[in-house]
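Below, each chain spelled out in residue letters.
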Amino acid sequence: MTDERLGDDLLPAIQRLPARSGVIFRHYHLEAAARKLLFGQVMRICRRRGHVLLLAGDERTAMRWHADGFHQRSQRASRLLHSAPVHDAREIAGVKAAGPDLLLLSPVYATNSHPGARPLGPLAFNRLAKLVLSSRIIALGGMNRRNAQMLSPRLIHGWAAIDAFKKKTA
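If you're wondering where the values come from, they're calculated on a predicted model, not measured in any experiment. (Residues numbered from 1 in each chain as written. Predicted model: local features only at pLDDT ≥ 70, side-chain atom pairs only at ≥ 80, totals over all residues. Heavy atoms only, no water.)

(A) Structural context of helix α4 (residues 89-96). Those residues of α4 that sit buried are Glu91, Ile92 and Val95. On an axial view of α4, the arc spanned by its buried residues comes to 105 degrees, and they lie on one face. Along α4, the residues that are exposed and aim more than 90 degrees away from the buried face are Arg90 and Ala93. The inward-facing, buried residues of α4 abut β4 (81-86), β5 (102-105) and α5 (121-129). (Buried < 20%, exposed > 50% of the residue type's maximum accessible area, 1.4 Å probe, protein only. Helix = DSSP H or I, 4+ residues; strand = E, 2+ residues; numbered from the N terminus. Arc of directions from axis to C-beta. Contact = heavy atoms within 4.5 Å.)

The structure is reproduced here in structure tokens:
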């Protein structure tokens with residue numbers, strides 16, 4: 001997941017991802033033209049590295065920008081790869097009809113993206129993940145390699161993060 005917290009490390013962080021990873025481009029804070037320009041830079045790296053690139057936003061914009069898909073809670077099926085954010089059983093039920101390909105279930109652990117939000121923890125995360133049969137689950141919220149290993153590999157397709165990909169400075 002991208003956002004302004006990555007700063008100048010955004011493009012190098014995407015280059016450091018394992019080949020064939022996925023990137024959800026957010027950067028909501030930018031004006032439309034600047035956001036599209038940065039999206040283009042990210043897309044060039046993603047294409048070179050074989051990454052899947054989703055635009056956080058509506059399907060129509062994702063199609064215009066040549067994204068591989070979009071990230072948004074939607075009520076209808078899509079021709080593009082579709083991921084949706086969910087946080088509880090009600091939200092999971094609300095997106096099931098659209099049949100998104102991926103559900104980002106969060107926050108698993110405490111996260112800088114939503115300070116003060118109550119994390120699910122591994123047990124509640126697993127309980128909610130079991131409600132989903134039609135989509136792949138991506139764990140989000142305070143995720144890193146160590147935290148991902150605490151979740152059932154049978155229930156998650158992968159994990160997403162922002163801070164885990166920031167370049168470490170000593």
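(B) Just the nonpolar core, in detail. Counting 29 residues, the largest nonpolar core has Phe39, Val42 and Leu53 as its most contacted members. For this core, the secondary structure elements donating two or more residues are α1 (10-16), β1 (22-25), α2 (32-49), β2 (52-56), β5 and β6 (136-140). Of all the elements, α2 adds the most residues to this core, at six residues. Not counting residues up to four positions away in its chain, the partners in contact with Val42 are Leu10, Leu11, Ile14, Val23, Phe25 and Leu53. Val108, Ala139, Met143 and Ala148 belong to the second largest nonpolar core, which has 20 residues in total. (Core = buried A, V, L, I, M, F, W, Y, C linked by side-chain atoms within 4.5 Å.)

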